[in-house]
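Commentary on secondary and tertiary structure
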Amino acid sequence: MRDLFQAYRTFFGKGDALYQLFAPYRICPLGAHVDHQHGLVTGFAFDSGIEFLFSATETGKVEMASLSFEGLMTFNVARPVDEKQENWGDYLRGAVWALQQDFQLKRGVRGIVQGSMPIGGLSSSAALLCGFVMAIDKVNQLGLSKMQIIEYASRAERNYVGLNNGILDQACVVLCEADKLLFLDTRTSEYRLLPFGDGKRPLPFKLGIFFSGVTRKLTGTDYNLRVSECKTAAWIMQAYENVHLKELQDTRLRDVDEETFQKYEDKMPERFAKRARHFYTECDRVTDGIKAWQEGDIRKFGEYIFQSCESSMNNYECGSPELIELYKILRHTDGIYGGRFSGAGFKGACIALVAPTKQDSIREHVTQEYLKIYPQYKDSFELFFCDPADGVDFL
């Protein structure tokens, strides 16, 4: 946080009533690629993320700088938000745009943000959005609930930034607790925070974060195409059933039960059958994984995570060559209970649950094996071990 105070003084001089906020990154062990179809998901926040240091402006002006990206982002919360500028400030503008639909904002913020890891697969965008929604909420005294913070951040990413995701990322950033697994039904927004086993033992794992060295931007990948393919799969099954169809944007695979999918699986074009197959089997893995978690069986829970990644590759058809090779290495590394692509699975990172006593050997083995295949990433491949953490909050 010292760097933020120094940067704040450099950009803005002295500041009155400085607020400090930490928004964690997140991983989703089970529930990959199903939140946009109103599926079942799980998640952890962890102790790395985005730090905010800011003060209020009475004029409504926003002035935000980042120690991770270039450019001072400036606009005014009391005026209509300009069109996207195709830079990191679009997330700030999107948060304000979403809040402007329901509130008359008067105060802006002046501050600095800094991310603590490379971008790729950990929902840094959700951390930035949720943190900035809370910053605007704070200075304007809006009194938002946790679920409102999630909704406004999600609305900003979908309707302003243009990524057709669900609420998984934002929910993890806001709702998680350090010693529990978040279980969320993204159709109803009902959630539970589940202790491991009987809740009397410390968590028996660390979170391994393995950056492939390849960065990506989701709005430039097939992410939105996969969402449309899932919706189309649901539409096809409803058409076979002669069900009244809603608009495609309002259709979800959760609208169709698994028995109906099994009835028409062989009749559907294979592309759409694969997307639906991933959805139904992944929701089943979430249910089975939660049972293993509550039984205190970390190995079984981890095996479901491996299975999730296999379905992501074979049925959802995501994963760059680098991520696929990295996953294969994790699959056969001693001390890793389970692992998969993180986030959308288009480049970015893999995540894993690892035995705390095996961190050194895991670091050595994975680094050696990965760089043997991709030596060109020797300067950008990175590996971190982290712990689950609480959701976004003021410090």
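Our structure is the block above this text.
Report on the accompanying structure. Bear in mind the structure is a predicted one, so any value in this text is a computation, not a measurement.

1. Description of the sheet that holds strand S8 (residues 206-211)
With antiparallel pairing, four strands are arranged side by side in an open sheet as S9-S10-S8-S11. Every interior strand has two partners, whereas the edge strands, strand S9 (336-341) and strand S11 (382-386), have only one. When the angles between neighbouring strand axes are averaged without regard to direction, this sheet yields 20°. Across five bridges, S8 lies against S11 in antiparallel orientation. The partner of Ile209 across the bridge, within S11, is Phe384. Relative to S9, helix H9 (residues 298-314) is tilted by about 25°, and along the sheet it contacts S9 and strand S10 (349-354). Packing against the sheet, helix H11 (residues 359-373) makes contact with S8, S9, S10 and S11, and its axis sits at approximately 160° to S11.

2. Describing the side chain of Thr42
In this fold, Thr42 is placed in strand S2 (residues 40-57). Assessed through its relative accessible area of 1%, Thr42 is described here as buried. A distance of 2.7 Å separates a polar side-chain atom of Thr42 from the backbone oxygen of Leu30. If near-sequence neighbours (up to four positions away) are discounted, Thr42 is found in contact with Ile27, Cys28, Pro29, Leu30, Leu168, Leu181, Leu182, Val286 and Ile290.

3. Overview of helix H10 (residues 321-331)
For H10, every residue scored as buried is listed here: Glu322, Leu323, Leu326, Tyr327, Ile329 and Leu330. Viewed along the axis of H10, the buried residues span an arc of 160°, placing them on a single side of the element. Where the residues of H10 are buried, they touch S8, H9, S9, S10 and H11.

Criteria and thresholds
- Residues numbered from 1 in each chain as written.
- Predicted model: local features only at pLDDT ≥ 70, side-chain atom pairs only at ≥ 80, totals over all residues.
- Heavy atoms only, no water.
- Pairing = 2+ DSSP bridges.
- Helix = DSSP H or I, 4+ residues; strand = E, 2+ residues; numbered from the N terminus.
- Axes fitted to C-alpha atoms, helices over the stretch in contact; angles between N-to-C directions.
- Contact = heavy atoms within 4.5 Å.
- Buried < 20%, exposed > 50% of the residue type's maximum accessible area, 1.4 Å probe, protein only.
- Polar contact = N/O pair within 3.5 Å; in protein donor to acceptor, adjacent residues only side chain to side chain.
- Arc of directions from axis to C-beta.

Read these as layout, nothing more, since geometry by itself doesn't imply function.
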